[in-house]
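Working through the structure, step by step
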Amino acid sequence: MSRKMMGSLFSFSKRTSSSLSMASVPRFPPPTPLHTFSESMMEENIENAASIITKWDPTGSTYVKFLSLFQENRKEAKEFIKCVKDLRRAMHFLLSGSSGSGKLVLAQNLMQTAMKRLEKEFYQILSANRQYLDPESVSSRSSRMSVSLSSISDDDNDVRSDNEVPKAGDSITDVERLSVIAVSDLRLIADSMISSGYGGEAVKIYKIIRKSIVDEGLYRLGFESCTSSQINKMSSDVLDHKLKNWMNATKIAVKTLFHGERFLCDQVFSTTETIRESCFRDITKEGAINLFKFPELIAKSKRSPDKIFRLMDLYETISDLWLEIELIFSYDSVSIVRLEALSSLHKLGDSVLMILSDFESSVQKDPLKPPTMGGGIHPLTNSVMTYISYLANYSGVLTNIIGDSPLQGQSPFPESYLDIPNTDESPMPAVSLRLAWIILVLLCKLDGKAELYNDTALSYLFIANNFHFVVEVVRTTNLKFLLGEEWISKHERKVKQYVATYESLAWTKVFSCLPEKSAEEMSPEMVKGCFMQFNAAFEEVYRKQTSWVVADGKLRDEIKVSIAKKLVPVFREFYDTHLVQLSGEKNLEVLLRFAPDNLGNYLSDLFHGTSISGSSSSSSSRASRCLPSI
């Protein structure tokens, strides 16, 4: 510390005084009949005080100047404090009586000398014990220290050696013992200086030293304040790094740095609440405000869908620490810290809601581009469901943010369209309703995209593919717990309906080539015609649907099995019944290109997107598929 700063720490208000010499301890004349017993006692107090105070005069010999009273002789240090108390009592007596002013001036000079020594001791203890009084260490052992300090303060005349400090159980360590000694000495000195009217000097030293420790602690935690313009110019990686630093720094700052500092202020200045509050305010207020203002700046910066997860991380950090923030910064003079943390919490929540609304709007406005090749999973489906599944991981945070507020900017559709049970007796969480709504918006958008296909059967396969993908994402993520089994079951039934519709539209022409009753008698020409029509229809369907896509292997197999169960038995019956009628036909292998036993092989080639083909079916009108039937 610079000489100038040290000078400021040890400066006193102007008081008229004369210097004392260590060699000249005042001797009062023996009492006369005019002396009262009280006067004699007060003179004795002044004489005793002069003896020890002049011995430890910081302006005296070089040797004493560099010694620490509390470190050299703790018993004499406590005696020093007792003499100051007796001296103070003597001064009050002299002021109230008619004793000579010379005694009062002497007492005043002794008091100033004593205060200089105590001020020096206060500074030395704070400086020399930084390692034992760092907020992190103090915070972690505050409970045990409180017990030990309480047992010390129970006896004002307690004068113990370092090894006799009372222990909070048997587990107190040497570091804890030294911390207790340091805090006990600081409190003893502070009480003495405050009682003597010199509290301002102690408070000034305390604030300067402790604020430097807190500021250094925040710096070492990696927190640096930023402006909005700086945040907007940061790359995503740099911003992510800063946010992670802030979250780690804030957790440590609240739980250790600020908590430890509050504990120290409460212990050192335990007798004066106004001083406790003043010290804690001036030491922590600036750093705490800068710390809690940072999330608000992030919330006000440019919005983007991915940014919502960073905002929720920040929100969760403050929310988890809120009770501790309220407790630590409970003083009225630091209410601005609580307000700043609360403001950041609200701004983060508002920003999250705006990003959700922006995301929903972007889904609704997604352009109707050329359809996905083969009716596979649309990129919008993939991106939206991935995003929503990540949101579901933050259901606790979203519940706090969304609360019970109604959905904003919603459609004219009734709430039943969300396909989740929501009654007065069993209301659904607001977050569940909000996510269900966004999924409904997606499904309706997919229905519009399905209209772009020229082949109606392919449009239904597209819807079945994408609905199935949505259901599987819900089933395999935390969305399952938010939307529930009933939502999953309803949408599974919808998938089956769309698959059935696809099968009917795509395979009707193939089935129509075969007679309804294979056992009926047919002429060879009619049989030949049926085989030729079947060959052409099956080949057309096969050619098209090898280029179609069913991405999910399980769904793909289920569709193939369903088609095979309907087609192969019918074809086999017709084949076995009428094959004999073609026994004399030339080029029979061309006519019988498909046999019942190899239809399954052909069906296995479907839905892999392995070839390109045109569409021959025409679109037909169909009802909107994203909405439940009414």
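Please read these numbers as outputs of a predicted model, since none were measured by experiment.

Turning next to the overall build of the chain. Across its full length, the chain carries 24 helices and 0 strands. Classification of the 630 residues of the chain by burial places 48% in the buried group. Residue pairs at least 24 apart in sequence account for 82% of intrachain contacts in the chain once pairs closer than 6 positions are excluded. Entry remark: accessible area of the chain is about 30,700 Å², with carbon and sulfur atoms responsible for 53%.

What follows concerns the pattern of salt bridges. When their charged atoms lie close together, side chains carrying opposite charge are able to pair. If you walk through the whole model with that rule in mind, you get 28 salt bridges. The residue Lys 566 makes a salt bridge to Glu 503 at a minimum N-O spacing of 3.2 Å. In this pair, Lys 566 sits in helix α22 (residues 553–578) while Glu 503 sits in helix α20 (residues 479–512), placing the two residues 63 residues apart along the sequence. Residue Lys 566 is classed as partly exposed on the basis of its relative accessible area of 42%. According to the relative accessible area criterion, Glu 503 is buried, its value standing at 9%. Its salt-bridge partner being Arg 572, residue Asp 597 comes within 3.1 Å of it at the nearest N-O pair. Taken together, the residues span a long stretch of sequence, with Asp 597 in helix α24 (residues 596–603) and Arg 572 in helix α22 at a distance of 25 residues. Owing to a relative accessible area of 62%, Asp 597 belongs among the exposed residues under this scheme.

Quick look at the packing of aromatic side chains now. Applying the stated criterion to the full structure yields 28 aromatic pairs. Members of the aromatic cluster, joined through ring pairs, are Trp 507, Phe 531, Phe 534, Phe 538, Tyr 542, Phe 571, Phe 574, Tyr 575, Phe 594 and Tyr 602. Its guanidinium or amino end placed over the ring of Tyr 331, Arg 262 lies 4.0 Å from that ring's centre, counting from NZ or CZ.

As a further point, take empty space enclosed by the protein. In the structure shown here, the tally under the stated rule is 4 cavities of 30 Å³ or more. One number sums up the size of the second largest cavity: a volume of about 50 Å³. In terms of lining residues, the second largest cavity is bounded by Gly 222, Phe 223, Glu 224, Cys 226, Lys 242, Asn 245, Trp 246 and Phe 294. Here the element with the most residues in the lining of the second largest cavity is helix α12 (residues 236–268); it accounts for 3 residues. Residues of the lining of the second largest cavity, tallied by class, amount to 4 nonpolar, 2 polar and 2 charged.

Below, the discussion takes up the environment of Lys 300. In this structure, Lys 300 sits in helix α13 (residues 273–300). Note on Lys 300: relative accessible area 52%, which makes it exposed.

Close contact between helix α15 (residues 335–364) and helix α17 (residues 395–402) brings their axes to 9 Å; oriented N to C, the two are set at 100°. Classified by the interaxial angle, the pair formed by α15 and α17 is roughly perpendicular. Counting all contacts with α15, which are made through Gly 349, Val 352, Leu 353 and Leu 356, the residues of α17 involved are Leu 398, Ile 401 and Ile 402.

Next up on the list: the confidence of the model for the chain. For the chain, mean pLDDT is 82; residues scoring 70 or higher make up 79% of the total. Within the model, pLDDT remains below 50 along residues 166–170, and this stretch shows 9 contacts once partners closer than five positions in the same chain are excluded. Segment residues 409–413 is flagged for pLDDT under 50; beyond a separation of four residues in sequence, or across chains, it makes 6 contacts in the model.

Attention shifts here to helix α18 (residues 430–450). Relative to the 30 Å expected for 21 residues at 1.5 Å per residue, α18 spans 30 Å between its end C-alpha atoms, a close match to the ideal helical length. α18 sits mainly inside the fold: 19 of its 21 residues count as buried.

Looking at the secondary structure, you find Ser 179 in helix α9 (residues 174–195). Here Tyr 132 takes part through its backbone oxygen, which lies 2.8 Å from a polar atom of the side chain of Ser 179.

Between its terminal C-alpha atoms helix α16 (residues 379–392) stretches 20 Å, which fits the 20 Å expected from 14 residues at 1.5 Å a residue. Looking at α16, one finds that the buried residues are Leu 380, Thr 381, Val 384, Met 385, Tyr 387, Ile 388, Ser 389, Leu 391 and Ala 392.

On to the nonpolar core, then. Formed by 180 residues in total, the largest nonpolar core has its most connected members in Phe 122, Tyr 206, Phe 258, Met 312, Tyr 502, Trp 507 and Phe 534. Here Trp 507 is in contact with Tyr 502, Phe 538, Val 541, Gln 545, Ile 563, Leu 567, Leu 603 and Leu 606, once residues within four sequence places are set aside.

The subject of this paragraph is the environment of His 608. Structurally, the position occupied by His 608 is in the segment after α24. For His 608 and Arg 556, which are 52 residues apart along the polypeptide, the C-alpha to C-alpha distance reads 9.0 Å. Sequence-distant contacts of His 608, that is, excluding residues within four places in its chain, are made with Thr 546, Trp 548, Arg 556 and Lys 560. In terms of polar contacts, His 608 uses its side chain to reach the side chain of Lys 560, at 3.4 Å.

About the cut-offs
- Residues numbered from 1 in each chain as written.
- Predicted model: local features only at pLDDT ≥ 70, side-chain atom pairs only at ≥ 80, totals over all residues.
- Heavy atoms only, no water.
- Helix = DSSP H or I, 4+ residues; strand = E, 2+ residues; numbered from the N terminus.
- Buried < 20%, exposed > 50% of the residue type's maximum accessible area, 1.4 Å probe, protein only.
- Contact = heavy atoms within 4.5 Å.
- Areas by Shrake-Rupley, 256 points an atom, 1.4 Å probe, with all protein chains shown as cover.
- Salt bridge = Lys/Arg side-chain N within 4 Å of Asp/Glu carboxyl O.
- Phe/Tyr/Trp six-rings, centres within 6.5 Å; stacked < 30°, edge-to-face > 60°.
- Lys NZ or Arg CZ within 6 Å of the ring centre and 35° of its normal.
- 1 Å grid on protein atoms, 1.4 Å probe; cavity = no way out; pocket = protein on both sides within 12 Å on 5 of 7 lines; lining within 4 Å.
- Points joined across faces, edges and corners; volume = space filled by probe spheres on them.
- Nonpolar A, V, L, I, M, F, W, Y, C, P; charged D, E, K, R; others polar.
- Axes fitted to C-alpha atoms, helices over the stretch in contact; angles between N-to-C directions.
- Parallel < 35°, antiparallel > 145°, perpendicular 65-115°, else oblique.
- pLDDT = per-residue confidence, 0-100.
- Expected span 1.5 Å × (residues − 1).
- Polar contact = N/O pair within 3.5 Å; in protein donor to acceptor, adjacent residues only side chain to side chain.
- Core = buried A, V, L, I, M, F, W, Y, C linked by side-chain atoms within 4.5 Å.

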